[in-house]
Amino acid sequence: MMGPSHALSGAAVWLTGSWALDQFADYHQTPLALAVGTAVCAGGALFPDLDLSGKVTRNQGGATVARTFGVFSLFIAEVMEKISLGVYYATKLSKDPRRNNGHRTLTHTLPFTGLVGWGTTALCAHYGKWAVVSILFFMIGLALRGLFDEWAERAGWVIVTLASAAAAWFTFANLPGDRGYPLIGLAVGVGCFVHILGDMITRAGVPILWPIPIRRRMWTMVGLPNGIALRTGSKAEVIVLRAALTVLAVLAAVGLVAPSVLQRFNIEV
């Protein structure tokens, strides 16, 4: 799927999950916590595509999300792509094909998703709000690039970087002072998992079963059959899927916000 679809799916899943927890588990979140979780999950839903690198010195190529912070994020994408390709060749079996890039390998696996979620939680727990503000800066930038793709393209990476920094600092200034923030790690992990599910409905698929060997293949791509698979950039994705995700996100957001608004004005339903 394309970047905007991934980001929108992350936001929709987080809002829907938050609504379900609010309704059925009596787990309430503050508006700030809800906004932070939604933004981080949207950013996390783009994070795996940082394995598609481009031309760092020219600020060209690669996944759209890899250009979020200009040459800096392109450099991160270059490093991640090379690590992913190295892991691919270090673990491939005889039936695994040769590859010249690491896209849709390591970062599109369940172990990577779990490691990123756990690592984010560990950083926040150990370093507190300074780790939080750094993670928020990065994830909010990815979310802005994905959710507002056309605006971000016109504005350029400098404006996106400044907007990310401002949003991260505002959150830093208003978060409670205790340590932990486990929901941030959860949001990143959920976002990465949603990304994997999104790519599974495309023709190329993802190696979700890695590192389980199957018929002398370690990197078996799992996806929908070509006849029903989603074609990247098709009308089915850009119009139908995004419309459905937008409706889901809006309904969940309204369901979360409406009760508190009505209560504030002493309106009973």
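Residues numbered from 1 in each chain as written. Predicted model: local features only at pLDDT ≥ 70, side-chain atom pairs only at ≥ 80, totals over all residues. Heavy atoms only, no water.

Things to note about the UniProt feature "transmembrane region" (unreviewed entry) in the chain
And then number 1: The sites that carry the UniProt feature "transmembrane region" (unreviewed entry) are, in the present numbering, residues 30–48, 69–90, 127–148, 155–172, 184–210 and 239–262.
And then number 2: As a span, residues 127–148 carries 91% helix and 0% strand, and end to end its C-alpha atoms are 31 Å apart.
And then number 3: Secondary structure over residues 184–210 splits into 63% helix and 0% strand, and the C-alpha atoms at its two ends are 25 Å apart. (UniProt positions renumbered as here; feature names shortened; annotations may be inferred. Helix = DSSP H or I, 4+ residues; strand = E, 2+ residues; numbered from the N terminus.)

A short note on unusual backbone geometry
And then number 1: Across the junction of Trp210 and Pro211, the peptide omega takes the value 10°, indicating a cis bond.
And then number 2: Checked against the element boundaries, Pro211 lands in the loop between helix H8 (182–200) and helix H9 (235–264).
And then number 3: A positive phi angle, close to 55°, is found at Asp26, a residue other than glycine.
And then number 4: In this structure, Arg104 takes a positive phi of about 60° despite not being glycine.
And then number 5: Topologically, Arg104 is positioned in the loop between helix H3 (71–91) and helix H4 (110–127).

Some thoughts on the packing of aromatic side chains
And then number 1: Applying the stated criterion across every chain, the model contains 12 aromatic pairs.
And then number 2: A cation over a ring is seen here: Arg99 above Tyr88, with NZ or CZ 5.5 Å from the ring centre.
And then number 3: The aromatic ring of Phe172 is capped on one face by Lys129, whose charged end is 4.9 Å from the ring centroid. (Phe/Tyr/Trp six-rings, centres within 6.5 Å; stacked < 30°, edge-to-face > 60°. Lys NZ or Arg CZ within 6 Å of the ring centre and 35° of its normal.)

Quick notes on the pattern of salt bridges
And then number 1: Under the definition given, this model contains six salt bridges.
And then number 2: One salt bridge connects Glu81 with Lys82, and the closest N-O pair in it is separated by 3.0 Å.
And then number 3: Of the residues examined, Glu81 reaches a relative accessible area of 4% and is grouped as buried.
And then number 4: Lys82 gets classed as partly exposed once you look at its relative accessible area, which sits at 45%.
And then number 5: Within the structure, one salt-bridge network assembled from shared partners comprises Glu78, Glu81 and Lys82. (Salt bridge = Lys/Arg side-chain N within 4 Å of Asp/Glu carboxyl O. Buried < 20%, exposed > 50% of the residue type's maximum accessible area, 1.4 Å probe, protein only.)

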